[in-house]
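If you want the building blocks of each chain, they are given just below.
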Amino acid sequence: MAQVSINSDLGEWGLSTDSGERARLLQSPSVDIAPKSEGEAPPGGLGRGTTSTLGAIFIVVNACLGAGLLNFPAAFSTAGGVAAGITLQMAMLVFIISGLVILAYCSQASNERTYQEVVWAVCGKLTGVLCEVAIATYTFGTCIAFLIIIGDQQDKIIAVMAKEPEGAGGSPWYTDRKFTISLTAFLFILPLSIPREIGFQKYASFLSVVGTWYVTAIIIIKYIWPDKEMTPADILNRPASWIAVFNAMPTICFGFQCHVSSVPVFNSMQQPEVKTWGGVVTAAMVIALAVYMGTGICGFLTFGAAVDPDVLLSYPSEDMAVAVARAFIILSVLTSYPILHFCGRAVVEGLWLRYQGMPVEEDVGRERRRRVLQTLVWFLLTLLLALFIPDIGKVISVIGGLAACFIFVFPGLCLIQAKLSEMEEVKPASWWAMVSYGVLLVTLGAFIFGQTTANAIFVDLLA
């Protein structure tokens with residue numbers, strides 16, 4: 001989840017809580033027909049940033065943690081229990097960390113400062129365009145997931161305020177889920193999504209971090225001191241099949257996906273060295289692992305196999321501590337949707353301008369009309385899909401497959417291409433080892449993406 005606060009001005013990097021600035025990380029920085037040549041310096045020069053090692057760790061952790069943690073208890077249930085869930089996360093963490101290091105290595109070698117620029121420079125035009133399309137699709141799907149989360153949490157809160165049993169028939173029209181999601185979206189999300197710049201959204205990252213830690217703390221506390229009415233269903237001790245284990249991978253990928261934001265973070269450091277970066281991402285992933293594992297284990301053991309894909313939905317509506325957690329999640333999602341939309345819109349804009357061969361500097365009026373139209377189309381499509389896709393688990397599965405591409409496929413392709421260009425300079429054993437590892441990353445990512453896509457298509461058709 002891209003919940004990171006980064007200023008695009010390298011001279012102002014640090015522990016800023018202005019999450020609106022981080023939206024520039026994903027946007028297409030150029031609409032040139034091809035990326036900059038290897039020796040061409042990016043705008044602003046190649047001066048080092050000012051982010052300390054500790055600051056970089058904080059930013060990467062912030063980039064990981066988000067609403068995706070709500071799905072980790074269900075991922076443990078899908079994987080087949082605590083032991084299988086822990087083993088799967090630990091195994092995937094090795095590949096997740098290595099992908100972050102590979103991106104830093106390729107960024108340093110190509111002098112590029114964003115994820116898609118690195119892919120463009122190292123892998124070429126076709127892969128670069130595919131990367132940008134994947135980013136736009138990923139942000140679009142995440143926006144749908146955010147709207148579903150808003151509806152899920154509002155249902156619980158409204159049930160308490162209306163003092164009516166959840167799902168009771170004859171409820172007033174103004175408590176209908178489709179109405180409440182639409183009202184919230186039109187009142188808050190759409191106005192925040194239209195502006196050209198969204199730097200005014202202060203403290204969004206701070207709210208996301210506080211909300212994430214609060215939700216994790218509540219889930220752990222509720223497991224240690226459970227309410228009397230909460231009794232767990234069957235606690236699985238082993239996976240039903242090896243396929244079940246792989247079905248949990250998309251959720252883990254969605255939770256740990258911070259790779260798109262990682263390249264600018266690396267270049268913002270005071271010492272942008274691959275070795276130092278390896279320590280940064282290792283520390284950050286261990287912290288994120290602790291949060292996700294605490295949420296996943298305690299949430300799963302509290303409800304067992306009956307845990308909801310959104311763990312907060314499994315708790316009683318009347319629980320005030322959980323109600324505060326729901327409010328935190330809603331606030332976090334309300335500020336995160338415009339940021340993710342801005343990222344996707346900027347990538348789509350870059351693709352469109354490149355396709356048309358138009359320069360960035362053009363008539364302001366045309367840009368405003370195009371921006372408003374793109375925003376309205378994006379907003380209405382995500383809203384309609386969210387209204388008719390009530391199960392967030394399906395959305396997480398699909399965008400988790402795309403997250404696997406950012407974690408495995410594109411870093412693996414970059415590693416293979418980088419090593420192919422160094423074929424004559426590297427020792428044969430080392431060269432073959434790196435290329436083989438790149439092939440492994442691509443294969444693993446393609447498998448996860450293919451599996452989630454097939455499940456999304458064929459499971460619904462069979463149902």
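Residues numbered from 1 in each chain as written. Predicted model: local features only at pLDDT ≥ 70, side-chain atom pairs only at ≥ 80, totals over all residues. Heavy atoms only, no water.

As recorded in an unreviewed UniProt entry, the protein chain goes by Sodium-coupled neutral amino acid transporter 7 and comes from Balaenoptera musculus. Taken verbatim from the UniProt record of the protein chain, the Subunit (unreviewed entry) comment is "Interacts with the mTORC1 complex; this interaction mediates the recruitment of mTORC1 to the lysosome and its subsequent activation." A UniProt comment under Sequence similarities (unreviewed entry) is attached to the protein chain, and it reads "Belongs to the amino acid/polyamine transporter 2 family." (UniProt positions renumbered as here; feature names shortened; annotations may be inferred.)

Trainee: Break down the overall build of the protein chain for me, citing the residues and quoting the values.
Mentor: Check the secondary structure of the protein chain and you find 15 helices and zero strands. Looking at the 463 residues of the protein chain, the share that counts as buried comes to 55%. Across the protein chain, contacts joining residues at least 24 apart in sequence account for 85% of those joining residues at least 6 apart. For the protein chain, the computed accessible surface area is about 19600 Å², with 68% contributed by carbon and sulfur atoms. (Helix = DSSP H or I, 4+ residues; strand = E, 2+ residues; numbered from the N terminus. Buried < 20%, exposed > 50% of the residue type's maximum accessible area, 1.4 Å probe, protein only. Contact = heavy atoms within 4.5 Å. Areas by Shrake-Rupley, 256 points an atom, 1.4 Å probe, with all protein chains shown as cover.)

Trainee: Describe the pattern of salt bridges, listing the residues and the values that go with them.
Mentor: Counted by the stated rule, this structure contains four salt bridges. In this structure, the salt-bridge partner of Asp-152 is Arg-177, at a minimum N-O distance of 2.9 Å. Within this pair, whereas Asp-152 is found in helix H5 (residues 125-162), its partner Arg-177 is found in helix H6 (residues 177-193), the two being separated by 25 residues in sequence. Glu-349 is paired through a salt bridge with Arg-370; the nearest N and O atoms lie 2.6 Å apart. In this pair, Glu-349 sits in helix H12 (residues 320-356) while Arg-370 sits in helix H13 (residues 364-388), placing the two residues 21 residues apart along the sequence. For Glu-349, a relative accessible area of 16% corresponds to the buried category. (Salt bridge = Lys/Arg side-chain N within 4 Å of Asp/Glu carboxyl O.)

Trainee: Tell me what's going on with helix H1 (residues 53-64), and back it up with residues and numbers.
Mentor: With twelve residues, H1 ought to run about 16 Å at 1.5 Å a step, and its terminal C-alpha atoms sit 17 Å apart, in line with that. When we look at burial in H1, the residues that qualify are Gly-55, Ala-56, Ile-57, Ile-59, Val-60, Val-61, Asn-62, Ala-63 and Cys-64. (Expected span 1.5 Å × (residues − 1).)

Trainee: Would you mind going over the environment of Leu-313 in detail, with residue names and values included?
Mentor: One can find Leu-313 in the loop between helix H11 (274-303) and H12. Measuring from C-alpha to C-alpha, the distance between Leu-313 and Leu-70 comes to 9.4 Å, with 243 residues separating the pair along the chain.

Trainee: I'd love a proper account of the state of the cysteines, names of residues and values included.
Mentor: Here the structure, examined in full by the defined rule, presents zero disulfides. Of all cysteine sulfurs in the structure, the one in Cys-405 sits closest to Cys-253, which takes part in no disulfide; the separation is 9.2 Å. Overall, the relative accessible area of 0% leaves Cys-253 in the buried class. With no disulfide of its own, Cys-343 lies closest to Cys-143 among cysteine sulfurs, the gap being 8.8 Å. With a relative accessible area of 0%, Cys-343 lands in the buried category. (Disulfide = S-S within 2.5 Å.)

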